[in-house]
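Geometric and topological summary
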Amino acid sequence: MDPLNESLFAGQALDAPAALAGALAPPAAPGHFDELRGTVTRPGSPRPSTAPAHPTPLYEASSAPPLAPPAETGASGDAMPRERAALAPSWDGFFEHLGAGGFDDLPRRAVSLERQIRDNGVTYNVYADADGPQRPWSLDLFPLIVSPQSWAQIEAGVQQRVKVLDRVMADVYGPQQLLAQGLLPPALVQGHPGYLRSMHGVKPTGDTWLHIAAFDLARGPDGNWWVVSQRTQAPSGLGYLLENRLAISRQFPQAFEHLHVQRLAATYSAMMDGLQRLCPAGQPPHIALLTPGPYNETYFEHAYLARYLGITLVEGNDLTVRDQRLYLKTLQGLRPVHGLVKRLDDQFLDPLELRPDSTLGVPGLLQAIRAGNVLVANMPGSAFLESPALLGFLPALARHLIGEKLQLPALPTYWCGERAAMETVLPQLSESAIKSTYPDMDSHISFDAVLGRRMGRRELDEWAGRIVRQGDEHTVQSYLPLSQMPTWTQDLGRGHIAQRSVMLRVFAVVDGPRSWRVLPGGLARLAGPDAQIASMQRGGSSADVWVRTAGEVDRTTLLQPHATPASLARHRAPVTSRAAENMFWLGRHTERAENAVRLARLTIDLLGGEDLSARALLVWLHQLALRNALVPSEVPSLPKSRRVFERALIAELGDVDRGGSVGWSLRCIRQSAAAVRERLSQDHWNQIVRAENDFLRRSAEQAGEKSEGGYGTGAALRLLESASTALAAITGAQTDRMTRDDAWRLLSIGRHIERLGFLSSALAAGFQTGSVHEVNGFEAMVALFDSTITFHARYQQRRDVATLVDLLVLDGDNPRSLAWVALTLRKRIARLAGSAPNKLTALSYELPDPDSWTLEGLCDPGPDGRYSALVDLFSACEAAAYHVSDAIGTRYFTLTSESVRSVGV
């Protein structure tokens, strides 16, 4: 904070926070509307140009609204006399009701907000970066406040526009009169890659094509709102704005109540009611949210929104189409899906008819849609509506389709595919934004929007040349100085108020056949400190949107005050086959990582000892290390070159490229957990991410020390000890903090299958090499089973096969004995199949029955002294473990077994 602000902050009384805010907050930049003060732009400042009339009737630029009245009345409804520099009434009320601590408490609240976002795990990822860090969601402390007068204009205009867009889709995929009458150019419809010919002739239920639409609005220097763009394929923001509302309303509860901010729950409830009424079948209908997966940039929002709405979160491979009907693959079989809220672009929906390389969609989905057996929101084929070029045609389309004039204007926008439009805008490029007509389409020229005012004459001439050569690929839109709102930044001292340019995204959602309501709020996106384009991908941030109401606040809640057993059963989300498979492998990889850490620690410890004369022990360690991929296969055997083997083992610890070692297993844990992120607590997820990051960072640092001659076994042991501690915390979260549903049972089954296979193979190798008959080998086997303390407490100094078998094979109370693992597996597999207590299933009987094992029978060395019965048991346990693993995959994950059935039809 500069010295002037510091003196003002210290000298003002805390009982006048609004006056203090007005004194400390800088004005908006010249030419921008000041949201804080509600003032109109000074005379002579830039404003949207009112373009000359288009020479042809086909294309029409949006008309500009009249200039705002003088500052004393203001178009926003919040304007104040310019000379007083006072705050707008909404902002005055906001600062006067900050609550305890007032203005002086803002730095603490900013820190609290940042911590809340981090603790809640709100992220905005880098798309398709599986190994990149998750970025915390950026949320400003102050909300954007919209007055009742401004909202009335926005609400009416958005409702009108979504009706027009819906009717455009109905015509384009129906009679196509708009094309025949010349109201729409074919190049923007049939020439658009987002136009789906396979959807022509489809009749959606309720004759409703659009169910969720988003409109990006900007406030101009005159105080009026303008449409900048529209999103219809898979508009994002409905989940993030909920998190924003919860976070900011908790920071300013008194201001939230005083300003009569309209609530959001009623609109979400109306949307779900509308979708359910439009679903073609099912009482109640089953609705799911289709996500591209955990590496999508907005995956957090998908999971959050599905949880809030009480619908199932699914990926493409969770679904299948049978007999033109859509089904969800669950552990109980195929469950019908009647409605699908999609969050991926149309081209990825169906690899059979659209993009053939898509792994995100559902083969046959379009056929199910054409058959009328599933509702998809929005209906596929709306991508052409997102073209900025379409904005210029909407005024004429509105008059033709609904007989009304648009109440909410769009910025003057020109498609350069028409020669007259191109000639009109070429001289105006320096005061315009140049956009791609077909954004994000591989078959056309696609580029990020550029501002002419940021380019020199040479660059402008280059763009003009491109437009002349390929006019249809370019759309030119008038430049609008975005309004600026107060934000709280802490880049200087305790923090201060700064002005940032803002865009508002509002949503229209369906509430019945051809009926929509506008969500009373939205997602405000703030441009970066030096940016003029509000984009989260370009370093921007977000803000909550408070829409004030002059009437009663709607306090509807999604919580059901009178829950019934039937309603509670409906809210138990089914476990999808994909989620089940990832939980299964999360358990296996966690157990595998623990085994790898324990084996690596044991091996390094023994190799650092003084007595290495026991060749059988070295051979046993070498076999286990090779089998568990702790060392490459080409490494010399341990008895021949102990130091080379040790160096290879240590070098492989952090290798994530070749499977098997500790770093690779930790990476697999994180990847499996990411696929079921919505099922894990925030602490559990944080432990998984931290365990991988810390291990790989420390192993990389120690590898650097190794090149300087300073990396040895001591550092490796400390690294493994840290990993063991982290894995113990992860295991604790899995064991003690997860609901015992079918997903958890599969996680547990995965762990025990891995444990049974690993311990059986270790015991078999110990007897085959003879290491268990030597003191060092005997102690090593007990240590590998993590049973050293129990063994010495129970048997003191005995070192014979009977004690080993009693503790590590037959003990029903030792969670690392073969008997305990086998019995637990048999019971949990039966429980997973829905068997009654103490009743086993056929798959359970595939595992050896510990009740048939006896100490006398297993400890008989036989005539050759090789304990054949014992070794055969170990081989049977290992084979059964992996056979059961394959059977579970066939039965529950791929759903290809004979027992697959459809439930709930």
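Let me sum up the structure you'll find in this document. In this text the structure is predicted, and so the values were computed from the model without any measurement.

A closer look at the overall build of the chain
A count of helices and strands for the chain gives 29 helices and 20 strands. Expressed as a percentage of the 905 residues in the chain, the buried residues total 58%. Across the chain, every contact between residues at least 6 apart in sequence was considered, and the portion connecting residues at least 24 apart equals 72%. Of the roughly 36,300 Å² of accessible surface on the chain, 50% is carried by carbon and sulfur atoms.

A few points about the sheet that holds strand β14 (residues 474–478)
Here we have four strands laid out as an open sheet, ordered β11-β14-β12-β13, and antiparallel in their pairing. The open sheet has two edge strands with one neighbour each: β11 (413–415) and β13 (450–451). The pairing of β11 with β14 spans three bridges and is antiparallel. Each residue of the ladder has a partner; that of Tyr 414, found in β14, is Val 476. Packing against the sheet, helix α15 (residues 457–469) makes contact with β12 (432–436), β13 and β14, and its axis sits at approximately 125° to β14.

Thoughts on the sheet that holds strand β8 (residues 333–336)
Overall, antiparallel pairing links the three strands, which are arranged β6-β7-β8 in an open sheet. With one partner strand each, in any of the chains shown, β6 (319–322) and β8 form the two edges of the open sheet. Strand-to-strand twist of the sheet, defined as the mean angle between neighbouring strand axes without regard to direction, takes the value 45°. With four bridges connecting them, β6 and strand β7 (residues 325–330) associate as antiparallel partners. Looking at the pairing, Thr 320 lines up with Tyr 327 of β7.

Considering the nonpolar core
Core analysis: the biggest nonpolar cluster contains 146 residues, and Phe 94 and Phe 95 have the highest contact counts within it. Ranked by residue count, the leading element in this core is helix α5 (residues 148–172), at 10 residues. If sequence neighbours within four positions are ignored, Phe 94 has contacts with Phe 142, Pro 143, Ile 145, Phe 252, Ala 255, Leu 259 and Trp 546. By size, the runner-up hydrophobic cluster in this structure holds 102 residues, among which are Ile 650, Ala 691, Ala 765 and Tyr 795.

Describing the packing of aromatic side chains
A ring pair, where both rings are aromatic, is described by two values, the distance of the centres and the angle of the planes. Inspection of every chain in the model, using the stated rule, returns 26 aromatic pairs. Plain terms: the ring middles of Trp 137 and Tyr 240 are 3.9 Å apart, the flat faces sit at 5° to each other, and that makes the pair stacked. In this pair, Trp 137 sits in the loop between α4 (106–119) and β1 (144–146) while Tyr 240 sits in helix α8 (residues 240–251), placing the two residues 103 residues apart along the sequence. On the basis of relative accessible area, Trp 137 is assigned to the buried category, the value being 5%. Note on Tyr 268 and Tyr 308: the rings are 5.4 Å apart at their centroids and 80° apart in plane angle, and the pair reads as edge-to-face. One end of the pair, Tyr 268, is in helix α10 (residues 265–278); the other, Tyr 308, is in helix α11 (residues 299–309), and 40 residues separate them in sequence. We classify Tyr 268 as buried; its relative accessible area is 2%. Classification of Tyr 308 by relative accessible area gives partly exposed; the value is 29%. Joined through ring pairs, the aromatic side chains of Trp 91, Phe 94, Phe 95, Phe 103, Phe 142, Phe 252, Phe 256, Trp 488 and Trp 546 make up one cluster. Sitting above the plane of the Trp 463 ring, Arg 466 keeps its charged end 4.5 Å from the centroid. Across the ring face of Trp 744, the terminal group of Arg 740 is positioned such that the distance to the ring centre comes to 4.2 Å.

Here's the deal with the environment of Gly 587
Structurally, the position occupied by Gly 587 is in helix α17 (residues 577–607). Take Gly 587: its relative accessible area is 0%, and that puts it in the buried class. Counting along the chain gives 144 residues from Gly 587 to Thr 731, while the straight-line C-alpha distance between them is 9.1 Å. In contact with Gly 587, not counting residues within four places along its chain, are Leu 747, Gly 750 and Arg 751.

Quick word on the side chain of His 589
Structurally, His 589 is set in helix α17. Since its relative accessible area comes to 9%, His 589 is described here as buried. Those residues within four positions of His 589 in sequence are excluded, and the remaining contacts are Trp 664, Ser 665, Cys 668, Ile 669 and Ser 672.

Describing the environment of Leu 460
Examined against the element boundaries, Leu 460 turns out to sit in helix α15. Its relative accessible area of 5% is what places Leu 460 among the buried residues. Taking the C-alpha atoms as reference points, Leu 460 and Leu 429, separated by 31 residues in sequence, lie 7.1 Å from one another. Those residues in contact with Leu 460 that lie beyond four places of it in its chain are Leu 429, Ser 430, Gly 452 and Met 455.

A short note on the packing of α10 against α11
Close contact between α10 and α11 brings their axes to 11 Å; oriented N to C, the two are set at 80°. Regarding the angle of α10 to α11, the classification is roughly perpendicular. Residues Ala 265, Tyr 268, Met 271 and Met 272 of α10 touch α11, and the partners they reach there are Leu 305, Tyr 308 and Leu 309. When its residues are assigned to classes, the contact of α10 with α11 shows seven nonpolar, no polar and no charged.

With respect to the pairing of strand β2 (residues 212–219)
The element β2 is largely enclosed, with a buried count of eight among its eight residues. On β2, burial covers both faces: Ile 212, Ala 214, Asp 216 and Ala 218 on one face and Ala 213, Phe 215, Leu 217 and Arg 219 on the other are all buried. Where β2 meets strand β16 (residues 496–512), six bridges bridge the pair, whose relative direction is antiparallel. By the bridge assignment for β16, Phe 215 is matched with Val 506. Across six bridges, the pairing between β2 and strand β3 (residues 225–231) is antiparallel. Each residue of the ladder has a partner; that of Phe 215, found in β3, is Gln 230. Adjacent in sequence and paired antiparallel, β2 and β3 are bridged by five residues, among which Gly 223 carries a positive phi angle near 85°.

The rules behind these values
Counting restarts for each chain: residues are numbered from 1 in the order of the written sequence. It should be noted that, the model being predicted, local features are given only for residues of pLDDT at least 70 and side-chain atom pairs only at 80 or more, the latter also being counted only at that level, while totals for whole chains, interfaces and linings use all residues. Values reported for side chains reflect all heavy atoms of the structure, with hydrogen atoms and water molecules removed beforehand. What counts as a helix is a DSSP run of H or I of at least four residues, what counts as a strand is a run of E of at least two, and both are numbered from the N terminus. Partly exposed residues are those whose accessible area sits between 20% and 50% of the maximum for their type, while under 20% is buried and over 50% is exposed, using a 1.4 Å probe and protein chains only. Contacts are assigned to residue pairs that have any heavy atoms within 4.5 Å of one another. Exposure was quantified through the Shrake-Rupley algorithm and a 1.4 Å probe, taking into account, for residues, occlusion by the shown protein chains and nothing else. When DSSP finds two or more bridges between two strands, those strands count as paired. Note on geometry: axes are lines fitted to C-alpha atoms, helical ones only across the stretch in contact, with angles between N-to-C directions running from 0 to 180 degrees. We call a set of buried Ala, Val, Leu, Ile, Met, Phe, Trp, Tyr and Cys residues a nonpolar core when their side-chain atoms join them within 4.5 Å. Planes of paired rings set the category: under 30 degrees apart is stacked, over 60 is edge-to-face and the rest tilted, where pairs are Phe, Tyr or Trp rings (Trp by its six-membered ring) whose centres lie within 6.5 Å. A ring is scored as having a charge over it whenever the NZ atom of a lysine or the CZ atom of an arginine sits within 6 Å of its centre and within 35 degrees of its normal. Reported orientations rely on four angle classes, namely roughly parallel under 35 degrees, roughly antiparallel over 145, roughly perpendicular from 65 to 115, and oblique for the rest. Residues were grouped as follows: Ala, Val, Leu, Ile, Met, Phe, Trp, Tyr, Cys and Pro as nonpolar; Asp, Glu, Lys and Arg as charged; and all remaining residues, including Gly, as polar.

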